[in-house]
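# Tertiary structure, described
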Amino acid sequence: ALNVVMDFMDHAASLFDAVADGVVITPVTYGGSLSKNKLEKMFTIYASSLMTSLDGKVTQDRIDTLQQVFNINDKRAEGLIQKGMMKNLMEMMKNPEAMGDMGGMGGMEGLSEMMAAMGGENGGIP
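These lines cover the structure that appears in this document, whether it is placed above or below. Since we're looking at a predicted model, the values are computed, not measured.

Let us now look at the overall build of the chain. Scanning the chain for helices and strands turns up 6 helices and 0 strands. Starting at the N terminus and walking to the C terminus, you meet the elements of the chain as α-α-α-α-α-α. Going through the 126 residues of the chain one by one, you find that 25% of them count as buried. Long-range pairs, those at least 24 residues apart, make up 63% of the contacts in the chain with a sequence separation of at least 6.

The following block contains the structure:
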């Protein structure tokens, strides 16, 4: 669903550039009623899907745009992304069959060793 919003934002930006080239505006940020916690949760889910997005719709540029729209600072965004990636890795370790082939990325060999190297047996997650 966020990809639809991101597509709209891309098209709106293109239209703005065509109509108002050279005009500088302040960045648009979310001003709705969702709590910061819910926005951060949506951001984390979207950003964590970068590695598993086989259609190429989730890009670093779109993640950066969403971070700006949700008004999440760089340090917080980095922590949220890391937490989301670790959660996904832990889920993959618990159920490697659910991951499938992931477009030729291979199996899960060595994943537990990598997690251990990242911070203990559970990758630093309690």
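Next, the rest of the story.
Another point: the packing of helix α2 (residues 36–48) against helix α3 (residues 60–69). Contact geometry for α2 and α3: axes closest at 10 Å, N-to-C directions at 175°. One finds that α2 runs roughly antiparallel with respect to α3. Across the interface between the two elements, Phe43, Tyr46 and Ala47 of α2 pack against Arg62, Ile63, Leu66 and Gln67 of α3. When grouped by side-chain class, the residues that make up the contact of α2 with α3 number 5 nonpolar, 1 polar and 1 charged.

This part is about a positive patch on the surface. Taken together, the side chains of Lys38, Lys41, Lys83 and Lys87 make up a positively charged region of the molecular surface. Where the positive patch is concerned, the elements lending two or more residues are α2 and α4 (74–94).

Below, the discussion takes up the side chain of glutamine 67. Relative to the helices and strands, glutamine 67 resides in helix α3. A polar contact is formed between the side chain of glutamine 67 and the backbone oxygen of isoleucine 72, at a distance of 3.0 Å.

On to α2. Spanning 13 residues, α2 covers 18 Å between terminal C-alpha atoms, matching the ideal 18 Å at 1.5 Å per step. Considered for burial, the residues of α2 that qualify are Leu39, Glu40, Phe43, Thr44, Tyr46, Ala47 and Ser48. The secondary structure elements touched by the buried residues of α2 are α1 (2–19), α3 and α4.

What counts and what doesn't
- Residues numbered from 1 in each chain as written.
- Predicted model: local features only at pLDDT ≥ 70, side-chain atom pairs only at ≥ 80, totals over all residues.
- Heavy atoms only, no water.
- Helix = DSSP H or I, 4+ residues; strand = E, 2+ residues; numbered from the N terminus.
- Buried < 20%, exposed > 50% of the residue type's maximum accessible area, 1.4 Å probe, protein only.
- Contact = heavy atoms within 4.5 Å.
- Axes fitted to C-alpha atoms, helices over the stretch in contact; angles between N-to-C directions.
- Parallel < 35°, antiparallel > 145°, perpendicular 65-115°, else oblique.
- Nonpolar A, V, L, I, M, F, W, Y, C, P; charged D, E, K, R; others polar.
- Patch = residues over 30% accessible without salt bridge, like charges linked within 9 Å, V, L, I, M, F, W, Y side chains within 5 Å.
- Areas by Shrake-Rupley, 256 points an atom, 1.4 Å probe, with all protein chains shown as cover.
- Salt bridge = Lys/Arg side-chain N within 4 Å of Asp/Glu carboxyl O.
- Lys, Arg positive; Asp, Glu negative; His and termini not counted.
- Charge placed at Lys NZ, Arg CZ, Asp CG, Glu CD.
- Polar contact = N/O pair within 3.5 Å; in protein donor to acceptor, adjacent residues only side chain to side chain.
- Expected span 1.5 Å × (residues − 1).

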